[in-house]
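Commentary on secondary and tertiary structure
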Amino acid sequence: QNGVSPDWEKKVIEYFKEKLKENNAPKWVPSLNEVPLHYLKPNSFVKFRCMIQDMFDPEFYMGVYETVNQNTKARVLHFGKYRDIAECGPQQELDLNSPRSTTLERQTFYCVPVPGESTWVKEAYVNANQARVSPSTSYTPSRHKRSYEDDEDMDLQPHKQKDQHAGARQAGSAGGLQWCGEPKRLETEASTGQQLSSLNFSSPFDLNFPLPGEKGPACLVKVYEDWEGFKVNDVLELYGVLSVDPVLSILGNDERDASALLDPMECTDTAEEQRVHSPPASLVPRIHVILAQKLQHINPLLPACLNKEESRTCKFVSAFMSELSPVRAELLGFLTHALLGDSLAAEYLILHLISTVYTRRDVLPLGKFTVNLSGCPRNSTFTEHLYRIIQHLVPASFRLQMTIENMNHLKFTPHKDYTANRLVSGLLQLPNNTSLFIDETLLEQGQLDTPGVHNVTALSNLITWQKVDYDFSYHQMEFPCSINVLITSEGRSLLPADCQIHLQPQLIPPNMEEYTNSLLSAVLPSVLNKFRIYLTLLRFLDYSISDEITKAVEDDFVEMRKNDPQSITADDLHQLLVVARFLSLSAGQTTLSRERWLRAKQLESLRRNRLQQQKCVNGNEL
C-alpha cells in the first residue's frame, strides 16, 4: 500500500506499539515460551522471553525486490522485511538485476529461554496469558506432523518436492532470501528436542543452552533497528513475526540440495557454520522483531519497567512499600525455619538475596555480597532442600553441585568455536540477578585436573570481580555480570566469599523432605508472592548516605580503631557499610540512619563472635 515509501516501517512499529497499549493486549499474543511451536501459524504475531546467547554476523536481505510474470511480463514490487523467503507465484520469476531492488542489513541474535527460570515464574506467565491457541484442523498429534496450509496441501508427492528444488535452483540465492518456484509449502516434522534423530545431522543439533536440562525453543531473532543497544546475556521480551518456512530446513538439512541452491562463489561458509546458522526452522524458529524491550527483571508479579523515576510514581510499588515491615518480619520467620531455627543466618540470607552490583569503581564491583553458609550438615539433604526454598523465592537460579567429577567435566566458561562461528555456551553464561547456589558439602577427596582448576578459577573470578572471562582462543574477553552467589559448605569454603556465617541449627528434623514440604505448604500463596515481590523490588531502590551520617560513621571507625587497632581494618569498614546498605534497603529505607548503622555493627559482631567460638571448638578448622 505504501509503495516504496520508507515511512511504512515506522507506521508498522507505531501500529503495534499502540495496539499493545490497549487493555491486556500483550496477554493475547501467543508466547513461544508457553505455546508449542506446531500450534502456531507461520507469519503470525508472537512474543518470546529470552536471553541473547550469541550474536551472529549481520546479514544482507532484499529490502525491495521485483518479480516478473513470465507470461504477461507484468512487474510487481515486494518488500523483503520481516520475511525469510521471497514471495513468488507459480508464473513469477525474481528479477535479480532490477534497478528498483535494494539490499538492506539486519542483525541476527541466537536467543534461548532465560536460563534457570523458576517454575513459579513460568506458571505465572502461563496463567496470565489469554492467548488460547489450538492446533489447526490439519494437525494430527498421533503422527507428529504439521501442515501450514489447508488439508489440500497434504498431498505432497515426491515430484512436487523435486519441482520445488528445481525452481529454487533456477533462482539461486538472492541476498539471504531464498525463492521457491512452487508456492505450496512442504509439510515438515514437528520436531521436538526428543525427536532429533529424524534430522539428517551427523550429530544431534546442540541448542546451546547454558544450563543442562533446559527446555523450550531456541530462536534465531532477526533485528532490524537499534541492535547496537543489545549485548550478549541481555534478557529481552520480543514481539515479532514468526517464520518457520520448511524451505529453511531444506537449506540447512540436505547438504547436496543446499550446495545446489547456493552460488559457490557467494558461499564461503563451512558446512559446520551453515548447519549452526541455518538450523531447521521446525527446531529453531525465526522471529522477525517488530518491538524489543530489555527486561530489568523477569518477575511476573511486578511491572516490567522499574526505572527509578517510574517506580516512584507507580501505585503498585508505593502501596507495597507502605506494608513492607510485616512482609520482612514474615520472610525472616520463614527463612529462620528454613535454616533450622537460626535467625542470624536468616538475616544475612535476606541481605544476600536483595544484594546487587550497583556500580563499579575501576575494576571493583560494589554491592556484591557473596555469603558462605558454613556448618551445613554433611551427607544430609539440608542443602538440597534449602535450594528448593530459594527456588520458590527468586525468579532464576541454579544449583551447582561441587563434586570433583563436575568440576573436572562440566564446561563453566563459554568459548568461541571458530569452525562453526558461534559462541559455545557454559554454565556461567547467566543473565544478571541469577542466584547461583554452590553446594560444597558434596566435595570428596580427589584430584582436580586442568579443566577443574580452570573452573575453580572461573568461580573465584566470578565471586571476586563479578565477571566471567569468555575464551576466544587467542584472547580472553571479560563479560561483567551481577550474579548472587551463595556457597554452602561444612567448614570454611575453598572459594572466596564476602561474608562467612556459621550455621547454628536449633533443631535437626528427622526427615528433611517432610520438614521442607510442611514449611512450604504452611505459607499462603499470597504471602509467598509478597516475598517474591519484596526480594525483586528492593534491588531497584536508590540508596544514599547523608554527609551527617558519613561523618558519624568516620568518627565511629576512628573510635573502634583506637580501642582495638587489630580488630577492624578498612576492609571490615567496607563490609560494615555493605551490610548497613542492604539492612536499610531491606527495611525499605533509601538512606542510612543511625539506628541501622548500630544494628549493622551488632549483626557483624554476633557473626564474628560465632566464628571465633567455632575456631576455639574446632581448633584450626576455620
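Quick caveat: nothing in here was measured; it's all calculated off a predicted structure. (Residues numbered from 1 in each chain as written. Predicted model: local features only at pLDDT ≥ 70, side-chain atom pairs only at ≥ 80, totals over all residues. Heavy atoms only, no water.)

In the predicted model, the chain carries a mean pLDDT of 84, and the fraction of residues at 70 or more is 82%. Low pLDDT (under 50) marks residues 136-203, which in the prediction has 126 contacts with non-local residues, meaning those over four places away or in another chain. In the model, residues 252-266 has pLDDT below 50 throughout and makes 22 contacts with residues more than four positions away in sequence or in other chains. (pLDDT = per-residue confidence, 0-100. Contact = heavy atoms within 4.5 Å.)

This part takes up helix α10 (residues 324-338). Owing to its 3.6 residues per turn, the α-helix aligns residues three or four sequence positions apart on the same side. When the terminal C-alpha atoms of α10 are compared, their 21 Å separation across 15 residues agrees well with the 21 Å that a helix rising 1.5 Å per residue should span. Buried within α10 are the following residues: Leu324, Val327, Arg328, Leu331, Leu332, Phe334, Leu335, Thr336 and Ala338. Its buried side turned inward, α10 meets α9 (315-322), α11 (343-353), α12 (382-391), α15 (512-522), α16 (525-537) and α18 (570-586). (Helix = DSSP H or I, 4+ residues; strand = E, 2+ residues; numbered from the N terminus. Expected span 1.5 Å × (residues − 1). Buried < 20%, exposed > 50% of the residue type's maximum accessible area, 1.4 Å probe, protein only.)

On to the sheet that holds strand β24 (residues 499-502), then. Taken in spatial order, the 5 strands make up an open sheet running β17-β20-β23-β16-β24, and their pairing is parallel. Every other strand in the sheet has two partners, leaving β17 (397-401) and β24 as the edge strands with one partner each. In this sheet, neighbouring strand axes are inclined to one another by 20 degrees on average, regardless of whether the strands run parallel or antiparallel. When strand β16 (residues 371-374) meets strand β23 (residues 484-488), the two strands line up parallel, connected through 3 bridges. Of the residues in β23, the one forming a bridge with Asn372 is Ile487. Packing against the sheet, α12 makes contact with β16, β17, β20 (435-439) and β23, and its axis sits at approximately 165 degrees to β17. (Pairing = 2+ DSSP bridges. Axes fitted to C-alpha atoms, helices over the stretch in contact; angles between N-to-C directions.)

A separate point is the packing of helix α17 (residues 547-563) against α18. Relative placement of two packed helices is described by the angle separating their axes and the distance separating the axes. In the contact formed by α17 and α18, the axes pass within 12 Å of each other and the chain directions differ by 140 degrees. In terms of orientation, α17 lies oblique with respect to α18. As for the relative orientation of α17 and α18, their crossing is right-handed in sense. Between α17, through Val553, Phe557 and Met560, and α18, the contact on the second element is made entirely by Ala570, Leu573, Leu576 and Leu577. (Parallel < 35°, antiparallel > 145°, perpendicular 65-115°, else oblique. Left-handed = near helix turned anticlockwise from the far one by under 90°.)

Its identity as a non-glycine residue notwithstanding, Lys73 has a phi of 65 degrees, on the positive side. Secondary-structure assignment places Lys73 in the loop between β2 (59-69) and β3 (75-79). For Lys73, a relative accessible area of 57% corresponds to the exposed category. The phi dihedral of Tyr82 is positive, around 65 degrees, even though this residue is not glycine. The residue Tyr82 is located in the loop between β3 and β4 (85-86) in this model.

α15 packs onto α12 with a crossing angle of 15 degrees between their chain directions and a minimal axis gap of 10 Å. It follows that α12 is roughly parallel to α15 by the angle criterion. Here α12 and α15 pass one another in a crossing that is right-handed. Counting all contacts with α12, which are made through Phe382, His385, Arg388 and Ile389, the residues of α15 involved are Met512, Glu513, Thr516, Asn517, Leu519 and Leu520. A breakdown of the residues in the contact of α12 with α15 according to their chemical character gives 5 nonpolar, 3 polar and 2 charged. (Nonpolar A, V, L, I, M, F, W, Y, C, P; charged D, E, K, R; others polar.)

The terminal C-alpha atoms of α16, which comprises 13 residues, lie 18 Å apart, in line with the 18 Å expected from a rise of 1.5 Å per residue. Burial in α16 covers these residues: Val527, Leu528, Phe531, Arg532, Ile533, Tyr534, Leu535, Thr536 and Leu537. Taken together, the buried residues of α16 touch α3 (119-128), α9, α10, α11 and α18.

For the structure shown, the criterion picks out 33 salt bridges. A salt bridge links Lys19 to Glu22, with the shortest nitrogen-to-oxygen separation between them at 4.0 Å. Of the residues examined, Lys19 reaches a relative accessible area of 36% and is grouped as partly exposed. Taking relative accessible area as the criterion, Glu22 reaches 42% and is therefore assigned partly exposed. (Salt bridge = Lys/Arg side-chain N within 4 Å of Asp/Glu carboxyl O.)

A cluster of nonpolar side chains, namely Val363, Leu364 and Trp465, defines an oily patch on the protein surface of about 280 Å² accessible area. In this structure, Trp465 sits in helix α14 (residues 450-465). With relative accessibility at 33%, the residue Trp465 sits in the partly exposed group. (Patch = residues over 30% accessible without salt bridge, like charges linked within 9 Å, V, L, I, M, F, W, Y side chains within 5 Å. Areas by Shrake-Rupley, 256 points an atom, 1.4 Å probe, with all protein chains shown as cover.)

One finds Phe334, Leu335 and Tyr534 to be the most contacted residues of the largest nonpolar core, which totals 71 residues. Contact partners of Phe334, with chain neighbours within four places excluded, come to Ile389, Leu393, Leu519, Leu520, Val523 and Phe531. Membership of the second largest hydrophobic core comes to 26 residues, among which are Phe398, Leu428, Leu459 and Ile483. (Core = buried A, V, L, I, M, F, W, Y, C linked by side-chain atoms within 4.5 Å.)

This part takes up the packing of aromatic side chains. Applying the stated rule across the entire model yields 13 aromatic pairs. Members of the aromatic cluster, connected to one another through ring pairs, are Tyr15, Phe16, Phe45 and Tyr239. When the ring centre of Tyr125 is taken as reference, the NZ or CZ atom of Arg49 above it lies at 3.8 Å. Directly above the ring of Tyr358 sits Arg581, whose terminal nitrogen or CZ lies 3.5 Å from the centroid. (Phe/Tyr/Trp six-rings, centres within 6.5 Å; stacked < 30°, edge-to-face > 60°. Lys NZ or Arg CZ within 6 Å of the ring centre and 35° of its normal.)

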